[in-house]
Amino acid sequence: MIVLKWSVVLWGLTLATYGTVAERPLSDVSDNVDPPQIAPAFAVEESEIIPLQEVDESYRLPKTSYPTHYELRLRTEVHTGNRQFDGTVAIHLNVVEATNAIVVHYRSLTIQNAKLAFIPTPEADPQQLNDPTWTQDAKVEQLSFNSETLLNPGSYILTVEYIGRLSNSEDGFYISSYVNKDGVTKYLATTQFESTSARMAFPCYDEPGLKATFALWITHDVLYTANSNMPYTTTIDGDIRVTQFEVTPKMSTYLLAFVVSDFQRLGTLEHSVYARPNAIDEVVFAVEAGQKILEKLDAHLGIGYYDHMPQMKQFAIPDFAAGAMENWGLVTYREQYLLFNPELSTYRTKTNIATVIAHEYAHQWFGNLVSPEWWEYIWLNEGFATLYEYYATHLAYPEVGYWELFNTQVIQAAMVPDGLETTRPMTWNADTPRSIASLFDRVAYPKSGSVLNMMRNVLGEINWTAGLKAYLTARQFDGANADHLYVGLQSAIQGNNVLPEGVTVKDIMDTWANEKGYPVLSVRRTYETGDIIISQERFISDRKVPNTNVWMIPYNYVHQSKADFDDLSTFSWLSTKAARINTEVPANEWIIFNKQQVGYYRVNYDANNWELITNALINNLSSIDRLNRAQLIDDAYWLARSGRLDIEVLMKLLTYLKNETEYAPWTAANNVLSYFNGKLRGTPAYKDFTTMVDHLIKKVYKTLDVTAVSDTEPLLHKYLKQTISTWACLIGNEDCLKRTKEALQKEVTEGIPVHPDVATVVYCNGLRTADVAEYQYLYKRIYPTQNWAFRSMIISALGCSENKQFLKDFLQTAIGGSGSGVEINYKTAERTQIVQAVYSGGRAGVDALIEFLRDPNMLREFVAILDVNTLNSALSNIASRTNTQEELDMLNDLIVDLGTYITPQTAEAARATVQANFAWQQSAEAILTMNFVGDFVDSIEPEPTTTVSPDSTTVSPASSTTAGSTTVAGSSTTEDDGGAATIAVSVTLLIGAVAVALFN
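Residues numbered from 1 in each chain as written. Predicted model: local features only at pLDDT ≥ 70, side-chain atom pairs only at ≥ 80, totals over all residues. Heavy atoms only, no water.

Just so we agree on the cut-off: UniProt positions are given in the numbering used here, feature names are shortened, and annotations may be inferred rather than shown by experiment.
If you look the chain up in an unreviewed UniProt entry, it shows as Aminopeptidase from Aedes aegypti. According to the UniProt record, the Subcellular location (unreviewed entry) comment for the chain reads "Cell membrane". UniProt's Catalytic activity (unreviewed entry) comment on the chain is quoted here verbatim: "Release of an N-terminal amino acid, Xaa-|-Yaa- from a peptide, amide or arylamide. Xaa is preferably Ala, but may be most amino acids including Pro (slow action). When a terminal hydrophobic residue is followed by a prolyl residue, the two may be released as an intact Xaa-Pro dipeptide."

With respect to the overall build of the chain
What counts is decided by this rule: Here a strand is any run of E in DSSP of at least two residues, a helix any run of H or I of at least four, and the numbering for each starts at the N terminus. Each residue is assigned to one of three classes by its accessible area relative to the maximum for its type, calculated with a 1.4 Å probe on protein chains only: buried under 20%, partly exposed between the two thresholds, exposed over 50%. By definition, residues are in contact when any of their heavy atoms lie within 4.5 Å.
Scanning the chain from N- to C-terminus turns up 28 helices and 33 strands. Of all 1000 residues assigned to the chain, the portion counted as buried reaches 61%. Taking as baseline every contact in the chain between residues at least 6 positions apart, the subset at least 24 positions apart corresponds to 75%.

So, the sheet that holds strand E14 (residues 232-237)
Quick note on the threshold: A pair of strands counts as paired when DSSP detects no fewer than two bridges linking them.
In spatial order, the strands read E6-E5-E9-E3-E2-E12-E15-E14; together these eight strands make up an open sheet with mixed pairing. Looking at the sheet topology across the chains shown, the edges are occupied by strand E6 (127-128) and E14. With eleven bridges connecting them, strand E2 (residues 65-76) and strand E3 (residues 84-95) associate as antiparallel partners. Within E3, the position partnered with Pro-67 by the bridge is Leu-93.

Quick word on the state of the cysteines
As a reminder of what qualifies: Criterion for a disulfide: a pair of cysteine sulfur atoms at a distance within 2.5 Å.
A complete count under the given rule lists two disulfides for this structure. With its sulfur 2.0 Å from that of its partner, Cys-729 forms a disulfide with Cys-736. Around the S-S axis, the bridge from Cys-729 to Cys-736 shows a dihedral of about -90° and counts as left-handed. By relative accessible area, Cys-736 is classed as buried at 0%. The residue that forms a disulfide with Cys-764 is Cys-800, at a sulfur-sulfur distance of 2.0 Å. Handedness of the Cys-764-Cys-800 disulfide follows from its S-S torsion of about -95°: it is left-handed. In this pair, Cys-764 is assigned in helix H18 (residues 756-766) and Cys-800 in the loop between helix H20 (788-798) and helix H21 (804-814), connecting sequence segments 36 residues apart.

Some details on the packing of H21 against helix H22 (residues 828-840)
Heads up, the condition is: For helices, the fitted line uses only the C-alpha atoms of the stretch in contact; every axis is such a line through C-alpha atoms, and the angle between N-to-C directions lies from 0 to 180 degrees. When an angle is under 35 degrees it counts as roughly parallel; over 145 it counts as roughly antiparallel; between 65 and 115 it counts as roughly perpendicular; any other value is oblique. Here is the rule for handedness: rotate from the far helix to the near one, and if that takes an anticlockwise turn smaller than a right angle the crossing is left-handed, while a clockwise turn gives right-handed. In this classification, the charged set is Asp, Glu, Lys and Arg, the nonpolar set is Ala, Val, Leu, Ile, Met, Phe, Trp, Tyr, Cys and Pro, and all remaining amino acids, among them Gly, are polar.
Between H21 and H22, whose axes approach to 8 Å, the crossing angle comes to 160°. By the angle between their axes, H21 is roughly antiparallel relative to H22. Between H21 and H22 lies a crossing of left-handed hand. Mapping the contact onto sequence places Leu-807, Phe-810, Leu-811, Thr-813 and Ala-814 in H21 and Arg-831, Ile-834, Val-835 and Val-838 in H22. In the contact of H21 with H22, the residues fall into seven nonpolar, one polar and one charged.

Details of the pattern of salt bridges
Convention followed: The term salt bridge refers to a pairing of a side-chain nitrogen on Lys or Arg with a carboxyl oxygen on Asp or Glu at a separation within 4 Å.
For the structure shown, the criterion picks out 38 salt bridges. Notably, a salt bridge pairs Arg-199 with Glu-141, separated by 2.9 Å at the nearest N-O pair. You can see Arg-199 sitting in the loop between strand E11 (185-192) and strand E12 (213-221) and its partner Glu-141 sitting in the loop between strand E7 (133-137) and strand E8 (142-151), a full 58 residues away along the chain. The pair Arg-199 / Glu-141 is uniform in exposure class, with both members buried. Note that Arg-644 and Glu-537 form a salt bridge whose closest N and O atoms lie 3.4 Å from each other. Of this pair, Arg-644 sits in the loop between helix H12 (626-641) and helix H13 (647-654) while Glu-537 sits in strand E25 (residues 532-538), placing them 107 residues apart in sequence. For the pair shown, Arg-644 and Glu-537 are each scored as buried.

Examining the side chain of Ser-448
Topologically, Ser-448 is positioned in helix H7 (residues 443-459). The residues touching Ser-448, leaving out its near neighbours within four places in the chain, are Trp-379, Gly-383, Met-426 and Val-443.

Overview of the packing of helix H5 (residues 405-418) against helix H14 (residues 663-680)
The interhelical angle for the contact between H5 and H14, taken along N-to-C directions, is 30°, at an axis separation of 8 Å. Viewed along their axes, H5 and H14 adopt a mutual orientation that is roughly parallel. Across the interface between the two elements, Leu-405, Thr-408 and Gln-412 of H5 pack against Tyr-663, Ala-664, Thr-667 and Ala-668 of H14. Residues that form the contact of H5 with H14 fall into these classes: four nonpolar, three polar and no charged.

Concerning the sheet that holds strand E21 (residues 330-334)
Read across the open sheet, the five strands follow the order E17-E18-E19-E21-E20; overall the sheet is mixed. Where the open sheet ends on each side, the last strands, each with one partner, are strand E17 (264-267) and strand E20 (324-325). Inspection of the sheet shows strand E19 (residues 312-317) paired to E21 by five bridges, in the parallel sense. Along E21, the bridge assignment pairs Ala-316 with Tyr-333. On top of the sheet, helix H3 (residues 347-363) reaches strand E18 (271-275), E19, E20 and E21; it is set at about 145° to E21, its chief contact.

Things to note about the UniProt feature "binding site: Zn(2+)" (unreviewed entry) in the chain
Within the UniProt annotation, "binding site: Zn(2+)" (unreviewed entry) is assigned to His-359, His-363 and Glu-382. In terms of the greatest pairwise C-alpha distance, the residues named above, spread along 24 residues, form a tight cluster of at most 8.5 Å across. Assignment of secondary structure puts His-359 in helix H3. For His-359, a relative accessible area of 0% translates into the label buried.

Observations concerning unusual backbone geometry
Most peptide bonds are trans, and most residues other than glycine sit at a negative phi. For the bond running from Glu-194 to Ser-195, omega is 10°, close enough to zero to count as cis. Within the secondary structure, Ser-195 sits in the loop between E11 and E12. Residues other than glycine seldom take positive phi values, yet Ser-108 does so here, at roughly 60°. With respect to the secondary-structure elements, Ser-108 resides in the loop between strand E4 (99-105) and strand E5 (110-119).

Points about the environment of Asn-453
Our working rule: Polar contact criterion, stated in full: a pair of N or O atoms within 3.5 Å, where within protein one must be able to donate a hydrogen and the other to accept it, and residues adjacent in sequence count only if both atoms are side-chain atoms.
Locating Asn-453 in the fold gives a position in helix H7. The exposure class of Asn-453 is buried, given its relative accessible area of 0%. A distance of 3.0 Å separates a polar atom in the side chain of Asn-453 from a polar atom in the side chain of Arg-456.

Regarding a negative patch on the surface
We apply this condition: What makes a patch is a set of residues exposed beyond 30% relative accessible area and free of salt bridges, joined within 9 Å when like-charged and within 5 Å when nonpolar (Val, Leu, Ile, Met, Phe, Trp, Tyr). Computed with a 1.4 Å probe, the accessible areas rest on the Shrake-Rupley method; for each residue, only the protein chains presented here act as cover. The convention is simple: Lys and Arg are positive, Asp and Glu are negative, and His and the chain ends are not counted. Charged groups are reduced to one reference atom each: NZ for lysine, CZ for arginine, CG for aspartic acid, CD for glutamic acid.
A surface patch of negative charge is lined by Asp-646, Glu-648, Asp-935 and Asp-938. Within the element layout of this structure, Asp-935 appears in helix H27 (residues 924-939). Note on Asp-935: relative accessible area 53%, which makes it exposed.

Remarks on H14
As a reminder of what qualifies: Take the residue count of a helix, subtract one, and multiply by 1.5 Å to get its expected span.
Look at H14: 25 Å from first C-alpha to last across 18 residues, which is about the 26 Å you get at 1.5 Å a residue. The element H14 is extensively covered by neighbouring structure, given that 15 of its 18 residues are classed as buried. Two residues or fewer after H14 comes Gly-682, characterised by a positive phi angle close to 90°.

Concerning the side chain of Glu-376
On the secondary structure map, Glu-376 appears in the loop between strand E22 (370-372) and helix H4 (379-396). The side chain of Glu-376 sits in the buried core without any salt bridge; Arg-60 is the nearest counter-charge, 6.0 Å away. Non-local contacts of Glu-376, meaning those with residues more than four positions away in its chain, are made with Met-426, Thr-427, Trp-428, Asn-429 and Leu-439.

Looking at the nonpolar core
Worth spelling out the cut-off: Only buried residues count toward a nonpolar core. Its members are Ala, Val, Leu, Ile, Met, Phe, Trp, Tyr and Cys residues joined through side-chain atoms within 4.5 Å. Domains are outlined according to an automatic or database domain assignment.
Phe-202, Trp-379, Tyr-388 and Phe-593 are the most contacted members of the largest nonpolar core, which totals 250 residues. When residues of this core are assigned to their parent elements, the largest contribution, ten residues, is made by H14. Two domains share this core, each providing at least three of its residues, namely domain 1 (64-262) and domain 2 (265-508). Of all hydrophobic cores here, the second largest spans 61 residues; its members include Leu-798, Leu-853, Ala-874 and Phe-918.

A word on helix H24 (residues 856-880)
The test is simple: Bending is quantified residue by residue as the angle between axes fitted to the seven-residue window ending at that residue and the seven-residue window starting at it.
For H24, which comprises 25 residues, the first-to-last C-alpha distance of 24 Å sits more than 12% below the rise-based estimate of 36 Å (1.5 Å per residue). The largest bend in H24 comes to about 110°, at Asp-867. If you follow the buried residues of H24, they end up packed against H21, H22, helix H23 (843-853), helix H25 (885-898) and helix H26 (904-921). Structurally, the start of H24 carries an N-cap: the backbone nitrogen of Asn-857 is 2.9 Å from a side-chain oxygen of Asp-855.

Observations regarding the packing of aromatic side chains
This is how it is decided: To pair, rings of Phe, Tyr and Trp, with the six-membered ring standing in for Trp, must have centres within 6.5 Å; the planes then decide the type, stacked if under 30 degrees apart, edge-to-face if over 60, and tilted in the middle. We call a charge positioned over a ring when the NZ of a Lys or the CZ of an Arg lies within 6 Å of the ring centre and within 35 degrees of the ring normal.
What the rule picks out here adds up to 46 aromatic pairs. For the pair Tyr-518 and Phe-539, a centre-to-centre distance of 5.6 Å together with 20° between the ring planes defines the contact as stacked. On the criterion of sequence distance, the pair formed by Tyr-518 in the loop between helix H10 (505-513) and strand E24 (519-525) and Phe-539 in the loop between E25 and strand E26 (553-555) is long-range, its members being 21 residues apart. Grouping aromatic residues by their ring pairs yields a cluster made of Tyr-70, Phe-85, Tyr-162, Phe-173, Phe-193, Phe-202, Phe-214 and Phe-258. Of note, Arg-60 hangs over the ring of Trp-374, and the distance from its end group to the ring centre comes to 3.6 Å.

So, the pairing of E11
Here eight bridges tie strand E10 (residues 172-179) to E11, and the two strands are oriented antiparallel to one another. Note on E11: the bridge partner recorded for Gly-172 is Gln-192.

Encoded structure:
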């Protein structure tokens, strides 16, 4: 399951570059003569022991019985919108320990009848026993069917009749809907069972290790079709259709799925994609990508998908809480992760579709064929799926550059939350449904994917795939734990001298899977002798504290005269707290560890080596691999934030960016510059900061066509263009603002559409000073379409306006028109996104939101429609964007007006956030940063404004600040005083008096 695409969650924009695709050739190291060496210990300390967890075992089913087969019969009238369904399940089970009770899971089901039968032999007819009674334990969600007589070991059938209700929470067996081309609401029923919600559809042994086979019958309207994991046959009786499915392979309950709908199909009987009829023409890319990716995974893993399942179906579900779900043979997706419309969808949408398909298809092996024996090993599912999300897409489309996204979207993204003290190890137990759901986090996904990728490189490609095949073959149709994986990988390298003598895969992986967090590798050079002392400690992002953690760290390095960053065939190992290594690196040459950031750790250097690296980047950045340039920026930033590195080292390193034109380094830099932008806005140093950013992006910006896309433009260059042009417009680059405004105006007045791949930047920045006609034009593009990714982009763009009246009217639409008599066709999540878009669009949006919430009528409607949690989130985000006394006064006035809608604790937390912002401005980090930025600006030689060819740029001085806010060149921010600068737009006018029904 993909909870939400991590690259979508990240604040920082992911970028790209012209140039070669980043590939990491993995050498087959099976022919190594000598095993890798462990660095000689310099100092040795015991590893920190992770304490045993306390878990409530009462949530686990008793081990007295287990299922072998389910016969499930369901009846639904979802076509009418009726949420009730009837069910009967016959559970074939084996009792292994004498008991008086059969205990299964359930949730929100009404049991009507139960029968129990004994099966003396496989050939014999079932012998009916006395009907069991049943008791329910709602806390642990268990049903106990109690027998009058002792049930001795043997085979039984428990048959249960029950009534259920389709949920409206996008969980379990639930109802969804869409509006067809005629404006009629059509209903469908679908499922989302991972992790503990199969029990909402039928009583069952709802644990991943308790696998069984499934036979399924669904009775439904004759005009609808039912789909499940397996092929089907149907019989028709009047207006009723009964769909019977073939028996599944042995699998976990959470992998069963079914959809009852009027959807249409595109593809073949073997591989197809389903969508609502008015979106079926948008699944063409999903069909193509799915087929290619599945073929590549087949070949890569050496185990054919169709050896175990006869079909692969993909479904685009209108309402879907998870990003996607890997049900075996029937994968379900949010529509925006499967539907691609070339006229509306961006390159990011296409990337998300390809990578999410690869993620879910990887699960067909890692999670479906082999499942975790319990949720503490969920990383065996999600870690592999995250790795192959990018690697399988790369195998299918090697020319596109998908693999280059892995470092920034996975490795560096994982390190942020995993650097917190509160993180957890990869292997971590859970008991309640809530605690199990919490395991689907950035540790299970990007961290685990990063660690597995590290091992992939360490073992070599041939050994890696051989080990995975051994693991998958040995555990197929069964559960697995981490040791099962390690045995498989170890079998592939036995006798090949891949690892140091006496070291096993388990020895290495236990340090990464059972320790929380990750290390920082410190490199201290003795320049006179060439010796280096390397040491490790756990990295914690907000402070430097002593710790005893020890990981087995694979390391390699390059230096200036031998800078082969592509050779990833050999590694050495640090298995103690510190060690001394001997090198012949000249004192005047830089040295860089962790080539291409394959290892999941940060690297810090002594001050002199940082200086050598920085000078090399300034003088000849191509001497250092682009992925390591990105690593250096990301590591330096977080090392400085944690007090391990002087902030001036980071700031000087950033100055090399004036010559940088590649995707990965600019993505890392984007996160750094965003941090300082948020901290410095409103301070006297902000003007100097924007001037510095203008200087850093000037060269690369001149190479970009901000408002157009060529047919041959590489994916990674599109990422790069979006990030650089966003910064250019943000700091007031006149050319950027002029081009985006003109492009929007041409679409509005001349019908010349903005290319989807630049629409995010053009719409947002074109709207900053747009008039009412342009604002209304984009707003009205929301409700005619059900392309949710496009709608999301438009909502975000509408929040970029600097006209506070526009923004307040936009906020008013989120709460349903507020008396205007007009109903807007937002989904619930879109209403919340409007609030986020407004406060994220700029300081004008924050001010507009404050003024909106201070209106008692608007506040009352806001809480009634969006709930108090959205209000609390809005207040928290307002506080985090408060940097000046004037802004604090506005926040305090708002808190007073919110009154009892918020708790005293919420108010205090908001004020504490602001005080932290103020405290930062007086910190050593802030003062050093401000001084560096000021000195940097003073060192820039003044350049006259230069006008060149139409395809180039006109760069103005960077933006200035007024009253703590950014004044963008060529813009004017309206006030709410009714003056001439204000363009008042009522809600009714804004939406054009168009009434449309809610889709959900």
